[in-house]
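Chains, contacts and geometry: an overview
Residue strings, one per chain:
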Amino acid sequence: MNQQPIQGAQVVGRIAALLRIVSRKPEGSPLMEVVKESGLTRPTVHRLLTSLAAEGLLDHDSATGNWVLGPEALLLGSVAAARFPVEDIARPSLRRLAEETGESAFFSVRRGAETVCLMREEGAFPIRSFVLHEGVRFPLGIASAGIAIMSFLPVAEQEQLLARWDEHAGAFASTQSPALVREKLAQTNAVGYSVNPGLVLEGSWGMGAAVFDTHGKPAWALSLTGIEPRFREERQEFLGRLLLEEAHQITGRLQNGMS
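So, a few notes on the structure that sits alongside this text.

Looking at the sheet that holds strand S8 (residues 204-212)
Pairing in this open sheet of six strands is antiparallel, and the strands run S6-S5-S4-S9-S8-S7 from one edge to the other. Whereas interior strands pair on both sides, the edge strands pair on one side only; in this sheet they are strand S6 (137-139) and strand S7 (194-201). Geometrically, the sheet is characterised by an average inter-axis angle of 35° between neighbouring strands, direction not taken into account. Alignment of strand S5 (residues 114-121) against S6, held across three bridges, turns out to be antiparallel. Bridge pairing in S6 links Val116 to Arg137.

What to know about helix H10 (residues 233-255)
Because each turn of an α-helix spans 3.6 residues, side chains separated by three or four positions end up pointing in the same direction. Look at H10: 33 Å from first C-alpha to last across 23 residues, which is about the 33 Å you get at 1.5 Å a residue. For H10, every residue scored as buried is listed here: Gln236, Leu239, Gly240, Leu242, Leu243, Glu246, Ala247, Ile250, Thr251 and Leu254. Where the residues of H10 are buried, they touch helix H5 (86-101), strand S4 (104-111), S7, S8 and strand S9 (218-227).

Here's the deal with helix H2 (residues 31-38)
Every buried residue of H2 is accounted for by Leu31, Val34 and Val35. Down the axis of H2, the buried set is contained in an arc of 100°. They therefore lie on one face. Note on H2: the residue one or two positions beyond its end, Gly39, has a positive phi of about 80°.

What to know about the packing of H2 against helix H3 (residues 42-54)
At a minimum axis distance of 9 Å, the contact between H2 and H3 shows a crossing angle of 115°. Comparing the axis directions of H2 and H3 gives the class roughly perpendicular. Considering how the two elements wind past one another, H2 and H3 form a crossing that is right-handed. Along its contact with H2, which presents Leu31, Met32, Val34, Val35 and Ser38, the element H3 presents Arg42, Val45, His46 and Leu49. In terms of residue class, the contact of H2 with H3 is built from six nonpolar, two polar and one charged.

Some points on the pattern of salt bridges
A full pass over the atoms with the stated rule returns nine salt bridges. With a shortest N-O distance of 2.9 Å, Glu103 and Arg235 are connected by a salt bridge. Residue Glu103 is located in the loop between H5 and S4, and its partner Arg235 is located in helix H10; the two are separated by 132 residues in the primary sequence. Given the relative accessible area of 2%, Glu103 is considered buried. Between Arg241 and Glu245 there is a salt bridge, and its shortest N-O distance comes to 3.4 Å.

Observations concerning unusual backbone geometry
Although it is not a glycine, Ala143 adopts a positive phi angle of roughly 70°. One can find Ala143 in helix H6 (residues 143-151).

Looking at the pairing of S9
The element S9 is largely enclosed, with a buried count of nine among its ten residues. As paired strands, S4 and S9 are joined by six bridges and run antiparallel to one another. Each residue of the ladder has a partner; that of Val109, found in S9, is Trp220. Where S8 lies against S9, nine bridges are found, and the strand directions are antiparallel. Opposite Gly208, over in S9, you have Ser223 as the bridge partner.

Calculation rules
- Residues numbered from 1 in each chain as written.
- Predicted model: local features only at pLDDT ≥ 70, side-chain atom pairs only at ≥ 80, totals over all residues.
- Heavy atoms only, no water.
- Pairing = 2+ DSSP bridges.
- Helix = DSSP H or I, 4+ residues; strand = E, 2+ residues; numbered from the N terminus.
- Axes fitted to C-alpha atoms, helices over the stretch in contact; angles between N-to-C directions.
- Expected span 1.5 Å × (residues − 1).
- Buried < 20%, exposed > 50% of the residue type's maximum accessible area, 1.4 Å probe, protein only.
- Contact = heavy atoms within 4.5 Å.
- Arc of directions from axis to C-beta.
- Parallel < 35°, antiparallel > 145°, perpendicular 65-115°, else oblique.
- Left-handed = near helix turned anticlockwise from the far one by under 90°.
- Nonpolar A, V, L, I, M, F, W, Y, C, P; charged D, E, K, R; others polar.
- Salt bridge = Lys/Arg side-chain N within 4 Å of Asp/Glu carboxyl O.

So far we have only geometry, and geometry alone does not tell us how the molecule works.
In structure tokens:
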């Protein structure tokens, strides 16, 4: 028997999608950008955004015209954060990486077929890359964190993503072909850490190392980003070693019950 779509579930899905779109950038998103990314009509998007603002989950910035996360979202996030002590475990590693390298350090989590940046720690080097920030999402296999995580997934799972690469990677598919991704995955498996040579944004390089959960699955990643001259081949081994050391420490603490 065919089941009709549940209207309430459809609305929830749309609301979740809008919240994800708005949260991708600290400055939020204008209405037409949300319309374009969501694929919904302008009246529908405006109605849902207005309803979310009435509940405090979003705000409309009158100065920029952008929709941004509201105070209720902050409260919900604060409560949810208490359930995920892995972020507390990762913070010292981020600080050490930033201090020892001078680069910006990040901690990302796998969410389905994406990575989401959870935390960052700025290094002392004055020139920075602004590709990554809290809340930004990338498809698995894109950017250093996504490469690091995908490289340690089962081959069958990798191939599922690669088989629908254009759909999965979206706008990144034009510059990162399945063949190139396979090459990056193999390189990461060989040395343990990933290298993103400006594939997301020209001149902005990154390196990443996977962090494994208690079942041995790649669930998070540490990464460093910066300008190309700071990630030349002669320095990659040093940066990669630091990333792997810190990733191993976090994984070890997780294996020991987050003690």
